[in-house]
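Chain by chain, the residues run as shown.
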Amino acid sequence: MAQNNPHTDSHHDHDGGHHIVSARVLLTVFGALVALTILTVVLALMERSGTIHFGDGFGSVGVALIIAGVKATLVAMYFMALKYDSKLHTMAFLLSILFLVVFFVITYFDTGFRGQFDGVHDARALDMIIMEELDAQEVEQQFQGLDPMPVTRDTLLGPPPVPEP
Amino acid sequence: MANTTSITVDHPAHGDTAERPPHLKSYFVSSDQQFSAAKLGMWLFLVTEILLFGGMFVAYGIYRGMYPELFAQASTQLDTMLGATNTMVLLLSSLTVAWSIRAIQMDNRKLALTMLISTIALAFAFMVVKYFEYTHKFELGIYPGAGFVFAEGTSFTLQGLITGAQTSAISAAEHVGAYIPGDHGITDQRAGLFFSLYYVMTGIHGIHVVIGIVAISVLVVKMWRGKYSSAWYTPVENVGLYWHIVDIIWIFLFPLMYLI
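1. Focus on the overall build of chain B
For chain B, the helix and strand inventory stands at nine helices and zero strands. Within chain B, buried positions represent 52% of all 260 residues. Partitioning the contacts of chain B with sequence separation of at least 6, the portion at a separation of at least 24 is 76%. Carbon and sulfur atoms form 67% of the exposed surface of chain B, whose accessible area is close to 11300 Å².

Listed below in structure tokens is the structure:
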């Protein structure tokens, strides 16, 4: 801690706001970031040329995103010094990522399943069917006793099929 | 969190003088309180930055889920090595910013200045590479904006995209010269979807880099005039945080755009 800032000396161990990240840590983290970048590029080029295959679907993008996630975590922990900082800042950071996940998942629930419920258009709700049945009964009652030749199944559709012996 | 519970007041313990350091605003009890308030504010701003880019990342994820082959094909138009170079440049610039904060914490103003100026140089290098990438695509006829608008009257519904829009999108794209089959190896008529996301996401990221250059330049001028020391370097710390977020966003942009 700096000499001309004595009031922070008393509690800088648990304060977290003025931690000086050591040169060794900064250089190690940078080395790891470079190595991970090379790794992700090499993996992508190998997959593009067909040398390796991470599987269809989420495979290759999953590997790339995990490597990117590790890199982002390294930057946040050491370069942004979240590791030595107030937990409140880490919480704000993680909450923003949580909301991104919520954002993505809910959007995917909408877009990801479109066209999978097309059969629903042909179906009718149960109360609609009941309503139509009640309407039909009402109409039927209006015509009861008026029709000299009541409409029966036989007059409309012809005689019933003869059951096979 | 310690600052919010236990407040250390500048100097009054010594009793004799109520002298306050020049950087300390009247409405803060101590330098530490002022520092943590500024830093919390910066983090809340960074949260909004993450959510700003998050919307675009969600759009990317949804559309990539819909058209995985389109994204794989269109992505081959991006130069992986230029993208990787830019990733390294940004990672190095993050290191120099972190080193500059470390230097000013140890009152090494000269080193802090050198590191900040290196950061600006690296940011410019990033933008120069970006410039060459963009102009190369313009030469291929891959433009942002108008070239990728679906044909007029085309419904933007999913159904419209899948069936009706295909032919009209080709004719519209051919009309403005944006899409020529076989010209650059793109056979999918809706490749504009990928390049629209590419231009918007890298473009807004690029704007953030430019804003970062301006902010760090202000730091350089003020540090040159001796405004910062280990007793007060809050702006250096906060601009540093901003620069790291710009770096983190690129860390995700790079594999998603270049490495499909």
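2. Some remarks on the overall build of chain A
When helices and strands are tallied, chain A shows six helices and zero strands. Counting every position in chain A, which comprises 165 residues, the buried fraction comes to 28%. Within chain A, residue pairs in contact and separated by at least 24 positions form 53% of the contacts whose partners lie at least 6 positions apart. Summed over its atoms, the accessible surface of chain A is roughly 11400 Å², and 68% of this surface lies on carbon and sulfur atoms.

3. A closer look at helix α5 (residues 109-139) of chain B
Compared with the 45 Å implied by 1.5 Å per residue over 31 residues, the 45 Å span of α5(B) between its first and last C-alpha is a close match. Backbone geometry just downstream of α5(B) places G141(B) in the positive-phi region, at approximately 85 degrees.

4. Some points on the side chain of T111(A)
In this fold, T111(A) is placed in helix α4 (residues 87-111). Classification of T111(A) as buried rests on a relative accessible area of 14%. Those residues in contact with T111(A), other than ones at most four positions away along the chain, are I62(B) and M66(B).

5. What to know about the interface of chain A and chain B
Taken together, the 54 residues of chain A in the interface contact 55 residues of chain B. Interface area, chain A with chain B, both sides summed: about 4800 Å², of which 74% is carbon and sulfur. Connecting chain A to chain B are one salt bridge. A salt bridge links K39(B) to D85(A); its shortest N-O distance comes to 3.0 Å. Inspection of the chain A/chain B interface yields seven residue pairs in polar contact (both at pLDDT 80 or more). Listing elements by their share of the side of chain A that touches chain B, those giving two or more residues are α1 (12-15), α2 (23-48), α3 (59-79) and α4 of chain A. Examining the composition of the side of chain A that touches chain B, we find that 13 residues originate from one element, α2(A), more than from any other. When its residues are assigned to classes, the side of chain A that touches chain B shows 31 nonpolar, 18 polar and five charged.

6. Overview of the pattern of salt bridges
With the rule as written, the count across this model stands at three salt bridges over all chains. The partner of E237(B) in a salt bridge is K39(B), and the shortest N-O contact between them spans 2.7 Å. On the criterion of sequence distance, the pair formed by E237(B) in helix α9 (residues 234-258) and K39(B) in helix α2 (residues 31-66) is long-range, its members being 198 residues apart. Each of the two residues, E237(B) as well as K39(B), counts as buried. Salt bridges here are not isolated pairs; linked through shared partners, they connect D85(A), K39(B) and E237(B).

7. Notes on the nonpolar core
Judged by nonpolar contacts, the single largest core of 93 residues is most densely connected at F79(A), M80(A), F194(B) and M257(B). Broken down by element, the residue count for this core peaks at 16 residues, all from α9(B). Among residues more than four places away in sequence, those in contact with F194(B) are L70(B), F71(B), A74(B), S75(B), L78(B), M257(B) and I260(B).

8. A closer look at the side chain of S75(B)
Here S75(B) is to be found in helix α3 (residues 68-75). Accessibility expressed as a relative area gives 0% for S75(B), which makes it buried. Sequence-distant contacts of S75(B), defined by excluding residues within four places in its chain, comprise R48(A), F194(B), M257(B), Y258(B), L259(B) and I260(B).

9. Here's the deal with the packing of aromatic side chains
Applying the stated criterion across every chain, the model contains 19 aromatic pairs over all chains. When the ring of Y108(A) is compared with that of F113(A), the centres are 5.8 Å apart and the planes differ by 70 degrees; the resulting orientation is edge-to-face. In this structure F113(A) comes out as partly exposed when scored by relative accessible area, which is 32%. A centroid spacing of 5.1 Å and a plane angle of 55 degrees characterise the contact between Y27(B) and F28(B), whose relative ring orientation is tilted. A residue is classified by how much of its surface remains accessible, and Y27(B), at 59% relative accessible area, is exposed. Exposure remark for F28(B): the relative accessible area of 18% places this residue in the buried category. Put simply, the rings of Y60(B), F71(B), F194(B) and F195(B) pair up and form one aromatic cluster.

10. A short note on empty space enclosed by the protein
Summed over the entire model, instances satisfying the criterion amount to three cavities of 30 Å³ or more. Counting residues per element, the ones that place at least two in the lining of the largest cavity are α3 of chain A together with α4 (80-105) and α9 of chain B. Considering only residue class, the lining of the largest cavity consists of eleven nonpolar, seven polar and three charged.

11. Things to note about the confidence of the model for chain B
Residue and element names in this part refer to chain B. Counting all residues, the mean pLDDT for chain B is 80, and 75% of those residues have values of 70 or more. In the model, residues 13-17 has pLDDT below 50 throughout and makes one contact with residues more than four positions away in sequence or in other chains. Note on residues 149-168: pLDDT under 50 across the span, and 22 contacts to partners over four residues away in sequence or across chains. Among the prediction metrics, the complex's ipTM stands at 0.79, with pTM recorded as 0.75.

12. Some points on the environment of V221(B)
All names here are of chain B. Mapped onto the elements, V221 comes out in helix α8 (residues 192-224). Note on V221: relative accessible area 39%, which makes it partly exposed. The spacing of V221 and L113 is 108 residues in sequence and 9.2 Å in space, taken between C-alpha atoms.

Reading guide: rules and limits
- Residues numbered from 1 in each chain as written.
- Chains lettered and ligands numbered in written order.
- Predicted model: local features only at pLDDT ≥ 70, side-chain atom pairs only at ≥ 80, totals over all residues.
- Heavy atoms only, no water.
- Helix = DSSP H or I, 4+ residues; strand = E, 2+ residues; numbered from the N terminus.
- Buried < 20%, exposed > 50% of the residue type's maximum accessible area, 1.4 Å probe, protein only.
- Contact = heavy atoms within 4.5 Å.
- Areas by Shrake-Rupley, 256 points an atom, 1.4 Å probe, with all protein chains shown as cover.
- Expected span 1.5 Å × (residues − 1).
- Buried area = accessible area lost by both parts, 1.4 Å probe.
- Salt bridge = Lys/Arg side-chain N within 4 Å of Asp/Glu carboxyl O.
- Polar contact = N/O pair within 3.5 Å; in protein donor to acceptor, adjacent residues only side chain to side chain.
- Nonpolar A, V, L, I, M, F, W, Y, C, P; charged D, E, K, R; others polar.
- Core = buried A, V, L, I, M, F, W, Y, C linked by side-chain atoms within 4.5 Å.
- Phe/Tyr/Trp six-rings, centres within 6.5 Å; stacked < 30°, edge-to-face > 60°.
- 1 Å grid on protein atoms, 1.4 Å probe; cavity = no way out; pocket = protein on both sides within 12 Å on 5 of 7 lines; lining within 4 Å.
- Points joined across faces, edges and corners; volume = space filled by probe spheres on them.
- pLDDT = per-residue confidence, 0-100.

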